[in-house]
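Here is how the chains run, residue by residue.
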Amino acid sequence: MTTLLLLVSIAEDHKALLHERFRVIDAPDAPRRAAAIAAHADEIELVLTNGATGFRADEIAALPRLKLLAAQGAGYENLDVAAARARGIPVCNGAGTNDDCVADHTLALLLASVRALPQQGAAVRAGLWRDALPLYPQFGGRRLGIVGLGGIGRKIARRAEAFGMVIGYHNRRPRDDAGTATWFDSPLSLAAWADDLVVATPGGAGTKHLVNAAVLHALGPGGHVVNIARGSCVDTEALAAALRAGAIAGAALDVYEGEPSPPQALLALDNVILTPHVAGWSPQAIRATVVNFIANVDALARGDALLTPV
């Protein structure tokens, strides 16, 4: 039976799909990961990780029988793809498997932030009624800027359009499949146009602090920022400063710098919504990532092209 090194935590019913096909070595933390590689280096043929957890060049070099390196979700920023390719080891990801779930969560965060749902819930518990509260805007006619109009970004755009929002986006180049969305050549110009900003770009060094103090101030005092990409894409200290100063109205983050540790600079702010990197997590989405991984393994065994190559 083919040996799989599993570096991510998944529910037992989804893990059962892997156990049906592979000998699974569970190593969801650094000590077990190091021990598994040391003890089973000559046996491991498959590695399933994710973008945040990654897989290093020295670990790739330590596995002489490695045949496939896979990221569970779409992100693969911490996988050493160059080292794998230098060994002739194919790399795949889970592109498309959790796009709907992430897009759903994004709109939930945006709605909750723009409509101030946590603040209004706190007001009710404090005995306040609506006459004592400010009016919060509706979505219709608001301009939504999306940083990164990939598969997830396009699904976010379609959902936002259903609410009557007007869509703009920033990619390195305009997309032919962007529909009525307007392209902007920088996050700064997009933020200056937008009422709200969603960050849906890949992580990595090239997008570190793409949303910085200048972008936040360009968004303006009525603006809301949602980040479902990677924590590194948003400058946490700049975001905290902008929120404290009223330079923007609110933020809703599923990802943040230093996770899983909570972002200390944001915890005391009542106009911040935080969720623990679960935008892409649902029973359907996680099952789809596992099924996609198995399908890529099968394609490799047949000599066919990978379904979702990196």
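Keep in mind that this is a model prediction, so the values were computed, not measured.

Here helix 5 (residues 99-114) crosses helix 7 (residues 151-162) at 50°, and the two axes come no closer than 9 Å. Taken together, the axis directions place helix 5 and helix 7 in an arrangement best described as oblique. Between helix 5 and helix 7 the crossing geometry is right-handed. Residues Asp99, Asp100, Val102, Ala103, Asp104, Thr106 and Leu107 of helix 5 form the contact with helix 7, whose own contacting residues are Gly151, Ile152, Lys155, Ile156, Arg159 and Ala160. Class assignment of the residues belonging to the contact of helix 5 with helix 7 gives a composition of six nonpolar, two polar and five charged.

Strands in a sheet are paired, the pairing made by backbone hydrogen bonds, and the direction either parallel or antiparallel. Pairing is parallel in the open sheet, where seven strands are placed in the order 8-7-6-9-10-11-12. Either end of the sheet is taken by a strand with one partner, and the two such strands are strand 8 (182-183) and strand 12 (272-274). Where strand 6 (residues 143-147) meets strand 7 (residues 166-170), five bridges bridge the pair, whose relative direction is parallel. Residue pairing across strands places Leu144 opposite Ile167, the latter belonging to strand 7.

To continue, consider the sheet that holds strand 4 (residues 68-71). A sheet is described by the order of its strands in space; here five strands give the open sequence 2-1-3-4-5, paired in parallel fashion. The sheet is open, and its two borders are formed by strand 2 (23-26) and strand 5 (91-92), each paired with just one other strand. Note: strand 1 (residues 3-6) against strand 3 (residues 44-49), four bridges, orientation parallel. Opposite Leu4, over in strand 3, you have Leu46 as the bridge partner. Sitting on the sheet, helix 11 (residues 283-302) touches strand 1, strand 3, strand 4 and strand 5, and the angle it makes with strand 4 is about 160°.

Before going further, it helps to spend a moment on the packing of helix 1 (residues 12-19) against helix 11. Where helix 1 meets helix 11, the axes come as close as 10 Å, and the angle between the chain directions of the two elements is 10°. Relative to helix 11, the element helix 1 lies roughly parallel. Between helix 1, through His14, Leu17 and Leu18, and helix 11, the contact on the second element is made entirely by Pro283, Ile286, Arg287, Val290, Val291, Phe293 and Ile294. Across the contact of helix 1 with helix 11, the residue classes break down as eight nonpolar, one polar and one charged.

This next bit is on the pairing of strand 3. Every other side chain in a regular strand lies on the same face of the sheet, so the side chains alternate between the two faces. In terms of burial, strand 3 is a largely internal element, six of the six residues being buried. Bridging between strand 3 and strand 4 involves four bridges; their strand directions are parallel. Considered in strand 4, the bridge of Leu46 is made with Leu68.

Mapped onto the secondary structure, Leu149 falls in the loop between strand 6 and helix 7. Measuring from C-alpha to C-alpha, the distance between Leu149 and Met165 comes to 16 Å, with 16 residues separating the pair along the chain. If we skip the residues at most four places from it in the chain, Leu149 touches Arg154, Ala157, Tyr169, His170, Asn171, Arg175 and Ala178.

Turning our eyes to something else, we now look at the environment of Gly231. Looking at the secondary structure, you find Gly231 in the loop between strand 10 (224-227) and helix 10 (236-245). Placed 23 residues apart in sequence, Gly231 and Asp254 show a C-alpha to C-alpha distance of 8.3 Å. Apart from the residues lying within four places of it in its own chain, the contact partners of Gly231 are Val255, Tyr256 and Glu257.

Cut-offs and rules
- Residues numbered from 1 in each chain as written.
- Predicted model: local features only at pLDDT ≥ 70, side-chain atom pairs only at ≥ 80, totals over all residues.
- Heavy atoms only, no water.
- Axes fitted to C-alpha atoms, helices over the stretch in contact; angles between N-to-C directions.
- Helix = DSSP H or I, 4+ residues; strand = E, 2+ residues; numbered from the N terminus.
- Parallel < 35°, antiparallel > 145°, perpendicular 65-115°, else oblique.
- Left-handed = near helix turned anticlockwise from the far one by under 90°.
- Contact = heavy atoms within 4.5 Å.
- Nonpolar A, V, L, I, M, F, W, Y, C, P; charged D, E, K, R; others polar.
- Pairing = 2+ DSSP bridges.
- Buried < 20%, exposed > 50% of the residue type's maximum accessible area, 1.4 Å probe, protein only.

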